[in-house]
Amino acid sequence: MLALIDGNNFYVSCERVFKPSLRGRPVVVLSNNDGCAISRSDEAKALGVKMAQPHFEFRHLEEQEGLVSLSANFTLYGDMSDRMMSLAAGLGAAQEIYSIDESFVDLSGIPGDLRGRARSVRERILQWTGIPCCVGIGPTKTLAKLANYIAKTAERKPGSYPPLQAQVCDLSALAPNEMNALLASTEVGEVWGVGRRIGEQLREGGVITALDLAHLDPATVRRRWSVVLERTVRELQGLPCIDLDDAPAPKKEIACTRSFGHPVRELPPLIEAVSEFAARAAEKLRRQGSLAGLVLVFAHTSPFRPGPRFARSLTVPLRRPTSDTAAITQAAVLGLECLFEPGFDLAKAGVMLLELCDDSVMQGELDLEVEVGRERGRLMHAVDVLNDRYGKGTLRLASTGAVGEQREWTMKQRRRTPQYTTDWRQVPVARA
Ligand SMILES: [Mg+2]
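None of the values given here were measured: they were computed from a predicted structure.

Colleague: Can you walk me through the environment of Val68 in this structure?
Modeller: Examined against the element boundaries, Val68 turns out to sit in strand β4 (residues 68-71). Taking the C-alpha atoms as reference, Val68 lies 9.0 Å from Ala44; in sequence the two are 24 residues apart. Leaving out residues up to four positions away in the same chain, Val68 has contacts with Leu22, Arg25, Pro26, Val27 and Val28.

Below is the structure:
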């Protein structure tokens, strides 16, 4: 048996924890550079704000309806996510963190009332972190996802499902006819793994609800569609086909890319930006215990703005696989200097680390370079420890420039809230 625990309107909920005045109001969190909506409160959904809708299209609602639009505060969301995940893990024996606000938990071997247990974990998450979430329980990942959708929808839209299913929906506790009634009330497009295109094809073929899909013959589905959809059908029928992945495979490439807050025309600020991206990417690389063999660097103009176009990328091989920030930054800056041309309003740049391998490959060799590599590894470890303790960028290469407002390439985030939980200077103060 599996549970899926999912934070409701997660980014908005994180903001509301520290700004209770946002409760009950329409609130939207915007993507990088304040571009479009990436999280909406129920009130904002009711005003018709769509996911990924550009900010300028609904900005007028701020005046007319009191809508609050905020810049994304990913430092806060990441930290709140950690807190939520560690509490959610208490539900069962193993956990797969599926996204920033969703995790699957393995409930096998857990005796007794699963719904009651899920309710108390949900309450604890709400009380200890302030994040409301919903829990779906089912024998397969697809059914746990579906149960979660039912729990969320039953809470948000009264009348859509029986009120008993709100917040926590345990499909394993239902009689077959009750379960079928829930599946029959769910549109096929809401099933995990059914994309928009396949959803349309299914509806054209008369498969309208999740129950219709569950009643299809798996072999026919494989012939007409794909093995992937066949797997979905079997999972809907209660046969587990997708395993819990509690130790995600290390990434095969690591990227750090950003759109700039303002166009960048000169090389020096671009070197700063690329140095910082390289440092971030190298940090991620060390965190997963990998080395990189190749550094790709790119820069381009905006495809949406008029003016001359520029888009170029370059890969720079490293002399030997490394996770050393200095070596990776040096390669990225070298690549940047080769591809740069003046006269363009550059809107985005990035660094990608490729040809990754495990950092244990260094062991067993005895030449001087390996020895130096180990020394550098210890230095990088010290840098990571210091930056973890005292905050991102406390210790960094001089080529990343000075931190502060003067950096033209930093993101536009005019409406960002403080780093409430990760910076001592920004911790909220309670006054009695
Ligand atoms: Mg969510």
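Picking up where we left off.
Colleague: What am I meant to see in the coordination of the magnesium ion here?
Modeller: Perfect tetrahedral coordination of a metal by four donors corresponds to 109.5 degrees between them, and perfect octahedral coordination by six donors corresponds to 90 or 180 degrees. Only Asp6 (OD), Gly7 (O) and Asp101 (OD) from the protein coordinate the magnesium ion, and they sit 2.1 to 2.4 Å from it. On the basis of relative accessibility, which here comes to 4%, the residue Gly7 falls in the buried class.

Colleague: Help me out: how do you make sense of the sheet that holds strand β8 (residues 168-170) in this one?
Modeller: Backbone-to-backbone hydrogen bonds join strands into a sheet, with any given pair of strands oriented parallel or antiparallel. The strand order across the open sheet formed by five strands is β5-β6-β1-β7-β8, and the pairing between neighbours is mixed. Two strands close off the open sheet at either side, each with one partner strand: β5 (94-99) and β8. Across the sheet, the mean angle from the axis of one strand to that of its neighbour is 15°, orientation sign disregarded. As defined by bridge partners, strand β1 (residues 2-7) adjoins strand β7 (residues 133-138) across six bridges and the pair is classed as antiparallel. Residue pairing for β7: Gly7 is matched across the bridge by Cys133. Running over the sheet, helix α7 (residues 141-156) touches β1, β5, β6 (102-106), β7 and β8 and is turned about 140° from β7.

Colleague: How do you make sense of the packing of aromatic side chains when you look at a structure like this?
Modeller: To describe a pair of aromatic rings, one takes the distance between the centres and the angle between the planes. Evaluation of the coordinates by the stated rule reveals nine aromatic pairs. Taking 4.4 Å as the distance between ring centres and 10° as the angle between the ring planes, the aromatic pair formed by Phe18 and Tyr420 counts as stacked. In this pair, Phe18 sits in helix α1 (residues 10-18) while Tyr420 sits in the segment after α15 (368-390), placing the two residues 402 residues apart along the sequence. Centre to centre, the rings of Phe104 and Trp192 are 5.7 Å apart; their planes meet at 45°, and the pair counts as tilted. Of this pair, Phe104 sits in strand β6 while Trp192 sits in the loop between α8 (176-184) and α9 (196-204), placing them 88 residues apart in sequence. Given the relative accessible area of 0%, Phe104 is considered buried. Judged by relative accessible area, which is 21%, Trp192 ranks as partly exposed. Feature note: the residues Phe10, Tyr11, Phe74 and Tyr77 constitute an aromatic cluster, connected by ring pairs. Over the ring of Trp128 we find Arg124; its NZ or CZ atom is 5.7 Å from the centre of that ring.

Colleague: Help me understand α1, please; the structure alone is not making it clear to me.
Modeller: Counting along an α-helix, one turn takes 3.6 residues, and residues three or four places apart therefore face a common direction. Most of α1 is tucked away: seven of the nine residues are buried. Looking at α1, one finds that the buried residues are Phe10, Tyr11, Val12, Ser13, Cys14, Glu15 and Arg16. Residues of α1 that are buried make contact with β1, β2 (27-30), β3 (37-40), α2 (42-46), β4 and α5 (74-88).

Colleague: Would you mind going over the nonpolar core with me for this structure?
Modeller: Across soluble globular proteins, nonpolar side chains have a tendency to be buried as a group. Ranked by size, the top nonpolar core spans 33 residues in total, and within it Phe260, Phe277, Val295, Ile328, Leu346, Val351 and Leu353 carry the most contacts. Broken down by secondary-structure element, the contributors of at least two residues to this core are β9 (254-264), α13 (267-287), β10 (290-301), β11 (311-322), α14 (325-339) and β12 (346-354). Element by element, the count of residues in this core is highest for α13, at nine residues. If near-sequence neighbours (up to four positions away) are discounted, Ile328 is found in contact with Ala278, Ala282, Leu285, Val295, Leu318, Thr322, Ser323 and Leu353. Grouped together as the second largest cluster of nonpolar side chains are 32 residues, Val27, Leu76, Leu91 and Val168 included.

About the cut-offs
- Residues numbered from 1 in each chain as written.
- Predicted model: local features only at pLDDT ≥ 70, side-chain atom pairs only at ≥ 80, totals over all residues.
- Heavy atoms only, no water.
- Helix = DSSP H or I, 4+ residues; strand = E, 2+ residues; numbered from the N terminus.
- Contact = heavy atoms within 4.5 Å.
- Donors = N, O, S within 2.8 Å, 3.2 Å for Na, K, Ca; no water.
- Buried < 20%, exposed > 50% of the residue type's maximum accessible area, 1.4 Å probe, protein only.
- Pairing = 2+ DSSP bridges.
- Axes fitted to C-alpha atoms, helices over the stretch in contact; angles between N-to-C directions.
- Phe/Tyr/Trp six-rings, centres within 6.5 Å; stacked < 30°, edge-to-face > 60°.
- Lys NZ or Arg CZ within 6 Å of the ring centre and 35° of its normal.
- Core = buried A, V, L, I, M, F, W, Y, C linked by side-chain atoms within 4.5 Å.

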